[in-house]
Amino acid sequence: MNGPGAGTLRSKEIVGGCKFGSPPMIPAGNFLMVLKMLIKMSSMNQCPLRCVFFAWCLCLSSFSPAAAQEFSKGDEILRELMWDKLVQAKPPARPGVGLALSGGGARGFAHTGVLEALEYAAFPVDYISGTSVGSVIGGLYSSGMSVPDIWKFAKGTSTLKVSRDFRGIKLLSLLVTNKLITPTYINRFIEKNLGSLTFGQLKKPFSCVAMDFRTGEKIIFDEGPLGIAVRASVNLPGIFAPVEYRHRYLVDGGVVDFIPVDAVRLLGADWVLASVTAGISKELPGNVLTSLLQVIDIRGSMLAGNEEKYADFVIKPNVDGIKMADFDQCTEAGDAGLMEAAKRVDGAREAYLLFSAPRLLEGL
């Protein structure tokens, strides 16, 4: 690397004083070797990460077009190094990541696939907020339930008889007795898996959204008993009887906050990834129940179109072919979430890395 006109980047100065000389003129063939050396030294705590980053920045202008391919290799290595350093840190050393899980009924089980893809990519999730079915998936995950176990729940929804809360004699009861129904099987599952927990006992900070049926006010739960909060968040208005809690009558939060971006920011998230499972069935409703579900779908889609703009990154699985009450298709929804998140996770990493760069360079 030495030579009268080469403009050598001096590794001794990097290690000792983190200083750089005049703008370097590093031959492309040597830059990758230098970068690898710096990365190895950084991993051994002999060279601060900022030195590697500065070396990368200073050399941007040093390459001719012929060196672009060689530099891209070094660029990829640096990105992986910075990503590893980023995810090893904890907030506030890096920006806190919030995951906002939308409503959507059976379509919301796509969140399970999204969680699997994020875990596989080692993408950090520090805070979670959910609306409606998103509160169920988010609550289970925040409680420490593994993604494989959440998949088992999705695959077993037909045997859990969740769909029965929407079908058969329940609909007849709704029409004949002029009384709202109670979602027996949904409530039973929530109480069994979350009923004994409080928000303070969860592994990750979590909140969920419901609506006060009398005032239309958005209610964000982030403390107290978990089970009743999730029951309220998933309680479809006009079909299920409101959940009475603390002098309020609570129903599904999806009618006021379909994607709880604001709620997860209130928990402390600096950067928000939203998993959105909105959709509208193209089939005309055939009875009172499906008409009510269609109205809720339309409302959710309208809210989603506006709210997703406030997230930093959005993953939208293709679940248009699944109806809100098609709980026998939860596995298909999860597969759609996994496929879409796997395609988009590299873009999410890039967006989060760029957002985090100022925090990483603080104090340099």
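Above this note sits the structure.
So, here is what we can say about the structure in this document. (Residues numbered from 1 in each chain as written. Predicted model: local features only at pLDDT ≥ 70, side-chain atom pairs only at ≥ 80, totals over all residues. Heavy atoms only, no water.)

1. Remarks on the pairing of strand 4 (residues 218-221)
Two faces make up the sheet, and in a regular strand the side chains alternate between them. With burial as the criterion, only one face of strand 4 is covered, namely that bearing I219 and F221; the residues K218 and I220 on the opposite face remain uncovered. By the bridge criterion, 4 bridges tie strand 3 (residues 206-212) to strand 4 in an arrangement that is antiparallel. Paired with M211 across the strands is K218, a residue of strand 4. Where strand 3 folds back on strand 4, the antiparallel hairpin that results is connected by 5 residues, among which G216 adopts a positive phi of roughly 75°. (Buried < 20%, exposed > 50% of the residue type's maximum accessible area, 1.4 Å probe, protein only. Helix = DSSP H or I, 4+ residues; strand = E, 2+ residues; numbered from the N terminus. Pairing = 2+ DSSP bridges.)

2. Overview of the side chain of T112
As for its placement among the helices and strands, T112 is situated in helix 5 (residues 110-120). Contacts of T112, omitting those with residues within four sequence positions, involve I137, V147, I150 and W151. (Contact = heavy atoms within 4.5 Å.)

3. Digging into a negative patch on the surface
Among the surface-exposed residues, E116, E119, D328, E332 and D335 lie close enough to one another that they form a single negatively charged patch. Counting residues per element, the ones that place at least two in the negative patch are helix 5 and helix 13 (330-360). Mapped onto the elements, E119 comes out in helix 5. Judged by relative accessible area, E119 falls into the partly exposed class, the value being 43%. (Patch = residues over 30% accessible without salt bridge, like charges linked within 9 Å, V, L, I, M, F, W, Y side chains within 5 Å. Areas by Shrake-Rupley, 256 points an atom, 1.4 Å probe, with all protein chains shown as cover. Salt bridge = Lys/Arg side-chain N within 4 Å of Asp/Glu carboxyl O. Lys, Arg positive; Asp, Glu negative; His and termini not counted. Charge placed at Lys NZ, Arg CZ, Asp CG, Glu CD.)

4. Here's the deal with the packing of aromatic side chains
Counted according to the given criterion, the structure contains 10 aromatic pairs. Summarising the aromatic geometry, the rings of F123 and Y352 are spaced 5.9 Å apart at their centres and angled 45° between planes, so their arrangement reads as tilted. With F123 in the loop between helix 5 and strand 2 (127-131) and Y352 in helix 13, this residue pair connects regions lying 229 residues apart in the sequence. Its relative accessible area of 6% is what places F123 among the buried residues. Judged by its relative accessible area of 0%, Y352 is buried. (Phe/Tyr/Trp six-rings, centres within 6.5 Å; stacked < 30°, edge-to-face > 60°.)

5. Observations concerning helix 6 (residues 133-142)
Of all 10 residues making up helix 6, 10 are buried, and the element is well covered by its neighbours. Within helix 6, the full set of buried residues consists of V133, G134, S135, V136, I137, G138, G139, L140, Y141 and S142. Just past helix 6, the residue G144 takes up positive phi, approximately 110°.

6. Some thoughts on helix 7 (residues 147-155)
The set of residues buried in helix 7 consists of V147, I150, W151, F153 and A154. Along helix 7, the residues classed as buried sweep out an arc of 155° about the axis, all on the same side. For helix 7, exposure combined with an orientation more than 90 degrees from the buried face picks out K152 and K155. (Arc of directions from axis to C-beta.)

7. Topic: the side chain of S143
Mapped onto the elements of the fold, S143 is located in the loop between helix 6 and helix 7. Among the polar contacts made by the side chain of S143, one reaches the main-chain carbonyl oxygen of L140 at a distance of 2.6 Å. Setting aside its immediate chain neighbours within four residues, S143 contacts L194, L197, L202 and K203. (Polar contact = N/O pair within 3.5 Å; in protein donor to acceptor, adjacent residues only side chain to side chain.)

8. Considering the pairing of strand 1 (residues 97-101)
Along strand 1, 5 of the 5 residues are buried, which leaves the element largely enclosed by surrounding structure. Sheet topology note: the strand 1/strand 7 (residues 271-275) ladder contains 5 bridges and is parallel. Across the sheet, A100 pairs through a bridge with A274, a residue of strand 7. Bridge count between strand 1 and strand 2: 4 bridges; the pairing is parallel. Of the residues in strand 2, the one forming a bridge with L101 is G130. Where the polypeptide runs from strand 1 across helix 5 and back to strand 2, its parallel neighbour, the crossover connection is right-handed. (Right-handed = clockwise from strand over helix to strand, strands pointing away.)

9. Looking at the packing of helix 7 against helix 13
Running from amino to carboxyl end, helix 7 crosses helix 13 at an angle of 140°, the nearest separation of the two axes being 8 Å. The angle between helix 7 and helix 13 places the two elements in the oblique class. Only C330, T331, G334 and D335 of helix 13 make contact with helix 7, whose side of the interface consists of W151, A154 and K155. Residues of the contact of helix 7 with helix 13, tallied by class, amount to 3 nonpolar, 2 polar and 2 charged. (Axes fitted to C-alpha atoms, helices over the stretch in contact; angles between N-to-C directions. Parallel < 35°, antiparallel > 145°, perpendicular 65-115°, else oblique. Nonpolar A, V, L, I, M, F, W, Y, C, P; charged D, E, K, R; others polar.)

10. Notes on the packing of helix 6 against helix 7
Relative to each other, helix 6 and helix 7 sit at 145°, their axes nearing to 10 Å. As for how helix 6 packs across helix 7, the hand of that crossing is right-handed. Contact residues: helix 6 offers V136, I137, L140 and Y141, while helix 7 offers V147, I150 and F153. Taken together, the residues of the contact of helix 6 with helix 7 sort by class into 7 nonpolar, no polar and no charged. (Left-handed = near helix turned anticlockwise from the far one by under 90°.)

Function cannot be read off these values alone, since they describe shape.
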